[in-house]
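Each chain is listed here by its residues.
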Amino acid sequence: MTGQRTDAPVHQIVAAGTTGATIGIAVGALAVSTSGVLIALANAPTEVSTFYRCALALPALAVFAWLESRRNGVLDPREWGLALLCGAFFAADMFWWGAAILEAGAGLTTVLVNVQVVVVPLLALLIDRERPSRRVIFALPIMIFGLTAASGLLQQGSTGPAPVAGAVHAILAGICYSGFLFLLRRSGRQGRNLQTYAVSIAVPAVAALAWALLRGFPSTLHIGGAALGWIALTALTNGVIGWLLVARYSPHVPSSVGAALLLLTPVGSLLLGALILGERPAPVQIIGCALILAVAYGASAVRKGSSAR
């Protein structure tokens, strides 16, 4: 049994009561924030960790995608193409993000990769004619300042060996990340975003495996049991719980609100780094986190009696 296709504009899907969707995206963003710490604990090559964190999440995602297909129908050829493009954006984001951290340091990379807070609403405006609210427009400078402060860039600067190359790769990663988020959210028009997400996770898994094999690794998939355990936990928290929640609920809030809520990811990463890895955030980083939390709450709050649009 298949459902009917609903080609309604995105702004008609966004409902007035967005509290549940807001909470879902916030929880998803915090679940995604665990990946940095868990991947650091695994200490595996980028292509190997990317392959496992995606491949281990696929069985559970396939079940959710199958259930969705029985309810809303399967992806048509055009939607398959968009899903593959979404996955290509996600794969490019993962690889460029990993390279940027080594080249420019985590601080600068964290700032530049989150250009999605600007790019996603801009894409929604240009393609879907979805205008961001005045609150989001006014809050945008505060978001950027809070993100810069939380990254530690104001205090430490760029400590990587190749800051220019790292900055370029981080910006490219941020643009690809924005494309992934926009297409993932847009697939909610037909209620088939979980299928799109499952395909989007499969693409980086294949790309990472192919890249590892091309580099001639003799034992490409051989890693220690402890490392595999940390990566498996990443697949659960990041791939199955985090991005699945974002995919499920992002069509139900304005794109600018979803982009703002995803800024909780670097905040969660900073807190987890302090709790698990013993890292000590500077006072300016704590202030930046507080600003991000305040702005995310203000941007996502829906006034009583007003529409989410």
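Refer to the preceding data block for the structure.
Not measured: the values here are computed from a predicted model.

The rules behind each value
- Sequence order sets the numbering: in each chain, residues are counted from 1 along the sequence as written.
- In view of the model being predicted, local features appear only for residues whose pLDDT reaches at least 70, and side-chain atom pairs are presented and counted only at 80 or more, with totals across whole chains, interfaces and linings using the full set of residues.
- No hydrogens and no water enter the side-chain calculation; it runs on all heavy atoms of the structure.
- Each nonpolar core is a collection of buried residues, namely Ala, Val, Leu, Ile, Met, Phe, Trp, Tyr and Cys, held together in the definition by side-chain atoms within 4.5 Å.
- Working definition: with a 1.4 Å probe on protein chains only, accessible area under 20% of the residue-type maximum means buried, over 50% means exposed, and in between means partly exposed.
- Here a helix means four or more residues in a row that DSSP labels H or I, a strand means two or more in a row labelled E, and each is numbered from the N terminus.
- Here a residue-residue contact requires only that any non-hydrogen atoms of the pair lie within 4.5 Å.
- The axes are straight lines fitted to the C-alpha atoms, using for helices just the contacting stretch, and the angles between their N-to-C directions are given from 0 to 180°.
- An angle below 35 degrees is read as roughly parallel, one above 145 as roughly antiparallel, one from 65 to 115 as roughly perpendicular, and any other as oblique.
- A clockwise turn of the near helix away from the far one marks a right-handed crossing, whereas an anticlockwise turn of less than a right angle marks a left-handed crossing.
- Basically, the charged four are Asp, Glu, Lys and Arg, the nonpolar ten are Ala, Val, Leu, Ile, Met, Phe, Trp, Tyr, Cys and Pro, and anything else, Gly included, counts as polar.
- With a 1 Å grid spanning the protein atoms alone, the term cavity applies to any set of points in which a 1.4 Å probe fits but cannot get out, the term pocket to an open set with protein on both sides within 12 Å along at least five of seven lines, and the term lining residue to any residue with an atom within 4 Å of a point.
- Grid points are joined across faces, edges and corners, and a volume is the space filled by probe spheres set on the points.

Peer 1: Could you give me a rundown of the nonpolar core, with the residues and numbers involved?
Peer 2: Residues Leu 61, Phe 180, Leu 181, Tyr 197 and Trp 243 are the most contacted members of the largest nonpolar core, which totals 47 residues. If you tally residues by element for this core, the top one is helix α12 (residues 225-249), at eight residues. Other than its neighbours up to four places away in sequence, Tyr 197 contacts Leu 61, Leu 184, Asn 238, Gly 239, Trp 243, Leu 244 and Ala 247. Counting residues in hydrophobic clusters, the runner-up holds 13 residues, among them Met 143, Ala 260, Leu 263 and Ile 292.

Peer 1: Describe the packing of helix α11 (residues 193-214) against α12, and please don't skip the residues or the numbers.
Peer 2: Direction vectors running N to C along α11 and α12 enclose 140°, while the axes themselves pass 9 Å from each other. The angle between α11 and α12 places the two elements in the oblique class. For the element pair α11 and α12, the recorded crossing hand is right-handed. Counted together, Asn 193, Leu 194 and Tyr 197 of α11 and Asn 238, Gly 239, Trp 243, Leu 244, Ala 247 and Arg 248 of α12 form the full contact between these two elements. The residue makeup of the contact of α11 with α12, split by class, is five nonpolar, three polar and one charged.

Peer 1: Account for empty space enclosed by the protein, with residues named and values stated.
Peer 2: Tallied over the full model, the rule gives three cavities of 30 Å³ or more. Counted as a void, the largest cavity has a volume near 120 Å³. Contributing to the lining of the largest cavity are 13 residues, with Leu 181, Arg 185, Ser 250, Gly 258 and Leu 262 lying nearest its centre. Elements supplying a minimum of two residues to the lining of the largest cavity: α10 (163-186) and α13 (255-261). When residues in the lining of the largest cavity are grouped by element, the largest group, four residues, is from α10. Across the lining of the largest cavity, the residue classes break down as nine nonpolar, three polar and one charged. Quantified by volume, the second largest cavity comes out at close to 40 Å³. If you trace the second largest cavity, you find it lined by Arg 53, Cys 54, Met 94, Ile 201, Thr 234, Ala 235, Asn 238 and Gly 239.

Just geometry here; none of it tells us what the structure is for.
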